[in-house]
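Architecture and fold: a report
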Amino acid sequence: MAIRPLVILPDPVLRQVSRPVERVDDAVRALADDMLETMYDAPGIGLAAIQIGEPLRMLVIDVAGKEEEPAPQVFINPEIVASSDAVNVHEEGCLSIPDYYADVERPAGVTVRYVDRAGESRELVADGLLATALQHEIDHLNGVLFIDHISKLKRDMVVRRFRKLARDRQPARLVG
Ligand code: GNR
Ligand code: NI
């Protein structure tokens, strides 16, 4: 297991469309373990493989509260097969966009079909924070970020801020 470096905005890797996992083997399970370790270290409630630079359609989530037992969940090749008409507004953040938070409106409930770490096909009906997190993570698999769901004015502000942060980091490294 390893904590892996996070890919941060505006890295174009975050805009890649991830490819399906062809076979759930030990390498895929090892990647899931790295994703969970990286997510817990951050800490975050979810992580998509592309956030550690692996363009594969898999994500991990743990929405258990601080006082609860950890409840890691691995979703391979997840697909939203149904969404509620009812919507929900939740404040979202993203480990790839550190320290920025904004309200996002999404369907309140979703049904997700996926493959688990044993390679079994499953279906999950989710609401609340789990539904929000699943939609946020599945967006990542398609190169979509939560800032794509806010106003263009706010999005442009955030992207500019992170472009500048990346620029400011670059020369420091070149100078050593
Ligand atoms: O840690 C995270 N918290 C969060 C809060 C509200 C909605 C979505 C999330 S996911 C985020 C971790 C992350 O960036 N996953 O891609
Ligand atoms: Ni995210």
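One structure accompanies this document, and this report is about it. (Residues numbered from 1 in each chain as written. Chains lettered and ligands numbered in written order. Predicted model: local features only at pLDDT ≥ 70, side-chain atom pairs only at ≥ 80, totals over all residues. Heavy atoms only, no water.)

1. What to know about the site of ligand 1
Close to ligand 1 lie 13 residues; I45, Q51, L95, E137 and H140 are nearest. Between ligand 1 and H136 there is a distance of 3.1 Å, counted from an oxygen atom to a side-chain nitrogen or oxygen. The contact in question runs from a nitrogen atom of ligand 1 to an N or O atom on the side chain of E137, over 2.6 Å. Taking 380 Å² as the accessible area of ligand 1 by itself, protein coverage stands at 90%. The set of elements that each furnish at least two residues to the shell around ligand 1 consists of β4 (87-94) and α2 (128-141). (Near = heavy atom within 4 Å. Polar contact = N/O pair within 3.5 Å; in protein donor to acceptor, adjacent residues only side chain to side chain. Areas by Shrake-Rupley, 256 points an atom, 1.4 Å probe, with all protein chains shown as cover. Helix = DSSP H or I, 4+ residues; strand = E, 2+ residues; numbered from the N terminus.)

2. Side note on the coordination of the nickel ion (ligand 2)
Coordination of the nickel ion (ligand 2) by the protein involves C94 (SG), H136 (NE2) and H140 (NE2), with metal-donor separations of 2.1 to 2.3 Å. If you list the donors of the nickel ion (ligand 2) from N- to C-terminus, the spacing comes out as C-x41-H-x3-H. One end of the pair, H136, and the other, H140, are both in helix α2, 4 residues apart, so they sit about a helical turn from each other. Pair check on accessibility: H136 and H140 agree, each one buried. (Donors = N, O, S within 2.8 Å, 3.2 Å for Na, K, Ca; no water. Buried < 20%, exposed > 50% of the residue type's maximum accessible area, 1.4 Å probe, protein only.)

3. Quick look at the sheet that holds strand β3 (residues 73-83)
Pairing is antiparallel across the open sheet formed by 5 strands, whose spatial order is β1-β2-β3-β6-β7. What marks the edges here is a single partner per strand, and that holds for β1 (46-48) and β7 (121-127). Each strand of the sheet is rotated relative to its neighbour by a mean of 40°, with strand direction disregarded. Taken together, the 4 bridges between strand β2 (residues 58-61) and β3 define a ladder with antiparallel strand orientation. Within β3, the position partnered with M58 by the bridge is I76. Running at roughly 40° to β2, helix α1 (residues 26-41) makes contact with β1, β2 and β3 of the sheet. (Pairing = 2+ DSSP bridges. Axes fitted to C-alpha atoms, helices over the stretch in contact; angles between N-to-C directions. Contact = heavy atoms within 4.5 Å.)

4. As for the nonpolar core
One recurring pattern in soluble globular proteins is that nonpolar side chains are buried together. Core analysis: the largest hydrophobic core is formed by 16 residues, its most contacted members being L59, I61, F75 and L134. By residue number, the principal contributor to this core is α2, which donates 6 residues. With residues near it in sequence (within four places) discarded, F75 still touches R57, M58, L59, I61, Y114, V115, L124 and L134. (Core = buried A, V, L, I, M, F, W, Y, C linked by side-chain atoms within 4.5 Å.)

5. Quick notes on α1
For α1, which comprises 16 residues, the first-to-last C-alpha distance of 22 Å matches the rise-based estimate of 22 Å (1.5 Å per residue) to within 8%. Inspection of α1 places V28, L31, A32, D34, M35, L36, T38 and M39 among the buried residues, and these make up the whole buried set. In the core, the buried residues of α1 are packed alongside β1, β2 and β3. By the N-cap criterion, in which a side-chain oxygen at the helix start approaches the backbone nitrogen of a residue two or three places on, α1 is capped by D25, the distance to A27 being 3.2 Å. (Expected span 1.5 Å × (residues − 1).)

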